[in-house]
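Residues per chain are reported as follows:
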Amino acid sequence: NVHKGCFGKSVLIGGSKDFSGSVVLSMNALTALKTGAGYSSIVVPDCLFTGLIGLNPECILNSAPDIDGKFAFNRDFFAKYLNADCVCIGMGCGVSENLYQIIKFFLTNYKGTLVVDADGLEYISSAGLRIILRLKKADANLAIINVIPEVYDVFDMTGFVDMVKIEKAYRR
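Because the structure is a prediction, the values reported are computed rather than measured.

**Some words on the confidence of the model for the chain**
Part 1 of the argument: Mean pLDDT for the chain: 82, with 87% of residues reaching 70 or above.
Part 2 of the argument: Confidence, expressed as mean pLDDT per element, reaches its minimum in the chain at helix H1 (residues 20-32) with 71 and its maximum at helix H3 (residues 75-79) with 96.

So, in structure tokens, the structure goes:
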């Protein structure tokens, strides 16, 4: 006996009132790839939820707390996604302190494959580099994608591109 729960769980956390198209494109890509995950969950800020209902019935749509159309960090809410096999975060989220807290939460607590869309990352501090180094030492499966050239250069100069999967943005 097998059921969809036997084939893994993927979670895509993205979108904001200003960039709702990014999460829709990512959701469509997720289903088009036929990733093999039994459950594909999409987590969007509450302000986008009703507009996305039924748009892609293959995905489980979840509404997250938001403030002014962007994600609000709520530890208990995001903790329920720590058991997923893969979490992708950042597509269309914009930049905010709450998003930083959400990403930091996953970087420090999540044990599966984590993909971070770094389009909104305009700089990386030494503290951020230390977190990535600590994850690498713990053998975390991390990918940082869509990195702007200036931040990519920092990763390159510090040798992180040889340790972690880091992909430069195709366009800016």
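After that view, the rundown keeps rolling.
**Observations concerning the environment of Asp-66**
Part 1 of the argument: Take Asp-66: it is sitting in strand E4 (residues 66-67).
Part 2 of the argument: Setting aside chain neighbours within four positions, we find Asp-66 in contact with Pro-45, Asp-46, Cys-47, Phe-71 and Ala-72.
Part 3 of the argument: A distance of 3.1 Å separates a polar atom in the side chain of Asp-66 from the backbone nitrogen of Cys-47.

**Some thoughts on helix H4 (residues 97-109)**
Part 1 of the argument: Along its 13 residues, H4 runs 18 Å from first to last C-alpha, staying within 8% of the 18 Å computed at 1.5 Å per residue.
Part 2 of the argument: Of all the positions in H4, only Leu-99, Ile-102, Ile-103, Phe-105, Phe-106 and Leu-107 are classed as buried.

**Focus on the pattern of salt bridges**
Part 1 of the argument: Throughout the structure, instances matching the rule amount to one salt bridge.
Part 2 of the argument: Across the pair Lys-165 and Glu-167 runs a salt bridge whose closest N-O atoms are separated by 3.0 Å.
Part 3 of the argument: Note on Glu-167: relative accessible area 29%, which makes it partly exposed.

**Comments concerning the pairing of strand E8 (residues 141-147)**
Part 1 of the argument: Strand direction decides the pairing type here: strand E7 (residues 113-117) and E8, joined by five bridges, are parallel. Across the sheet, residue Asp-117 finds its bridge partner in E8, namely Ile-145.
Part 2 of the argument: Handedness of the E8-helix H6 (residues 149-157)-strand E9 (residues 165-168) crossover: right-handed.

**Quick notes on the layout of surface pockets**
Part 1 of the argument: If you add up the space inside the largest pocket, you get close to 1300 Å³.
Part 2 of the argument: Lining the largest pocket are 41 residues, with Asp-117, Ala-118, Asp-119, Gly-120 and Leu-121 sitting closest to its centre.
Part 3 of the argument: Of the residues contributing to the lining of the largest pocket, the split by class is 22 nonpolar, 10 polar and nine charged.

Thresholds applied
- Residues numbered from 1 in each chain as written.
- Predicted model: local features only at pLDDT ≥ 70, side-chain atom pairs only at ≥ 80, totals over all residues.
- Heavy atoms only, no water.
- pLDDT = per-residue confidence, 0-100.
- Helix = DSSP H or I, 4+ residues; strand = E, 2+ residues; numbered from the N terminus.
- Contact = heavy atoms within 4.5 Å.
- Polar contact = N/O pair within 3.5 Å; in protein donor to acceptor, adjacent residues only side chain to side chain.
- Expected span 1.5 Å × (residues − 1).
- Buried < 20%, exposed > 50% of the residue type's maximum accessible area, 1.4 Å probe, protein only.
- Salt bridge = Lys/Arg side-chain N within 4 Å of Asp/Glu carboxyl O.
- Pairing = 2+ DSSP bridges.
- Right-handed = clockwise from strand over helix to strand, strands pointing away.
- 1 Å grid on protein atoms, 1.4 Å probe; cavity = no way out; pocket = protein on both sides within 12 Å on 5 of 7 lines; lining within 4 Å.
- Points joined across faces, edges and corners; volume = space filled by probe spheres on them.
- Nonpolar A, V, L, I, M, F, W, Y, C, P; charged D, E, K, R; others polar.

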